[in-house]
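Here is how the chains run, residue by residue.
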Amino acid sequence: MEEQISHIEFQQRIDNGEKIEPKDRMPERYRKQLIRMMSQHAHSEIVGMLPEGNWITRAPSLKRKMILLSKVQDEAGHGLYLYSATETLGISRDEMINQLLTGQAKYSSIFNYPTLSWADVMVIGWLVDGAAIINQTMLARSSYGPYSRAMIRICKEESFHKKQGYEMVATMAGGTPEQQEMVQDAVNRWWWPTLMMFGPHDNDSPNSAELIKWGVKSKTNDELRQSFVDRHVAEAHAVGLEIPDPDLKFNKETGHWDFGEIDWDEFWSVVKGNGPMNRERMKARREAHENGRWVREAAEAYARKQRLEEEKAL
Ligand code: FAQ
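Residues numbered from 1 in each chain as written. Predicted model: local features only at pLDDT ≥ 70, side-chain atom pairs only at ≥ 80, totals over all residues. Heavy atoms only, no water.

Trainee: Any details on the overall build of the protein chain? Residues and values, ideally.
Mentor: Each helix and strand in the protein chain was counted, giving 13 helices and 2 strands. Relative to the globule expectation of 20 Å for 314 residues, the C-alpha radius of gyration of the protein chain, 21 Å, shows essentially globular dimensions. By its C-alpha atoms, the protein chain is 70 × 50 × 35 Å across when sized along the principal axes. Among the 314 residues that make up the protein chain, the fraction classed as buried is 47%. Taking the intrachain contacts of the protein chain between residues at least 6 apart in sequence as the baseline, contacts between residues at least 24 apart amount to 77%. Total accessible area on the protein chain is roughly 16500 Å²; 55% of this is exposed by carbon and sulfur atoms. Looking at the protein chain, you have 41 positive and 47 negative side-chain charges, and the mean spots of the two groups are 5 Å apart. (Helix = DSSP H or I, 4+ residues; strand = E, 2+ residues; numbered from the N terminus. Rg over C-alpha atoms; globule rule 2.2 N^0.38 Å. Buried < 20%, exposed > 50% of the residue type's maximum accessible area, 1.4 Å probe, protein only. Contact = heavy atoms within 4.5 Å. Areas by Shrake-Rupley, 256 points an atom, 1.4 Å probe, with all protein chains shown as cover. Lys, Arg positive; Asp, Glu negative; His and termini not counted. Charge placed at Lys NZ, Arg CZ, Asp CG, Glu CD.)

In structure tokens, the structure reads:
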């Protein structure tokens, strides 16, 4: 009964628009859902460094290299920020990393596609960061204080990432026929995987209703996907690029762009670990974790030594 009352009180706080903070009482299921979503978000930021990181040594100019280095570093920062925010829910970073490396935790499907040309880096900035902002602007209003505050800061950086991506896309789309072909090819390969980032259709999304009830999400997967399409179709057309969807059509009645059906078999295959780059991505993360072992051990040894010295001084 007490648990029931606290559920009602909790729901009232959510409905009043109050933020839930780490030491507040919360239903166990709310805590678990946040750990699932936030840790997967953190993993996505870290795994998401790999496709673009692949091009740092091959950037076409010093300026582009510096921008890409900063962007990839920003993604690392987002990951660390989100791991810290998730730790406030009572899970350790070790446990989260272990869940990623053993395949218990997911990360965004989008990062399991290869970056075949420099144009892919531009299109990731424009489309993938563009999708991330639409989703994360909503999450900046989420009911969990540490997540919503992390999102406010992260969105500012993602917004810069998107602008630099679109600037590169616009530059290349206005270039030679070969450059135009290269950027169109990248759009053709990234468009559909980007639409998949928003998750399954609302009818097939087991978590949405609960997350919306608890104010973690305030829009559904399909609503966010539609906002993305409306915004990015206009941006593509403004620089002379085509969207690779024969069913794309502006619907005057709804004021939105209607679009074709996503290949859900491909989506679930990627989510289950069978996408083009899933194995390489996990191999890279496992190797990075192993290679960083000495750093973690050295930091722990140093912290122990510091503690001993402090104790001696007392
Ligand atoms: N990939 O019931 P729903 C970025 C899973 S960050 C893989 O609809 P929910 C920055 C889902 O986990 C990108 N799995 O789930 C950047 C669930 O399985 P589970 C990441 C997916 O939570 C840019 C099952 O399907 N952003 O891009 C995907 O209500 C450039 C059923 O789904 C976030 O993580 C997917 N695409 O909605 C970095 C934002 N979609 O966990 C580098 C926070 C669904 O029960 C370069 N997360 N699944 O086993 C969210 O907004 C939500 O969790 C969704 C999924 C929208 C991802």
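Trainee: Please provide a residue-by-residue account of the site of the ligand, values included.
Mentor: With respect to spatial proximity, 38 residues lie near the ligand, and among them Arg36, Lys106, Ser109, Ser205 and Lys217 are the closest. Interatomic distance of 2.7 Å between a side-chain N/O atom of Ser205 and an oxygen atom of the ligand. Within the contact set of the ligand, an oxygen atom lies 3.3 Å away from a backbone nitrogen or oxygen of Pro206. Within the complex, the protein chains bury 91% of what would otherwise be the 1100 Å² of accessible surface of the ligand. For the shell around the ligand, the secondary-structure elements that each account for two or more residues are α2 (28-47), α4 (62-87), α6 (118-139), α7 (145-173), α9 (208-213) and α11 (264-274). Residues that form the shell around the ligand fall into these classes: 16 nonpolar, 13 polar and 9 charged. (Near = heavy atom within 4 Å. Polar contact = N/O pair within 3.5 Å; in protein donor to acceptor, adjacent residues only side chain to side chain. Nonpolar A, V, L, I, M, F, W, Y, C, P; charged D, E, K, R; others polar.)

Trainee: Which residues make up the side chain of Gln11, and what are the values?
Mentor: Among the structural elements, Gln11 can be located in helix α1 (residues 2-15). Gln11 gets classed as buried once you look at its relative accessible area, which sits at 18%. Those residues in contact with Gln11 that sit more than four places away from it in its chain are Lys213 and Trp214.

So, to be careful, I would describe these as geometric facts and stop short of saying anything about function.
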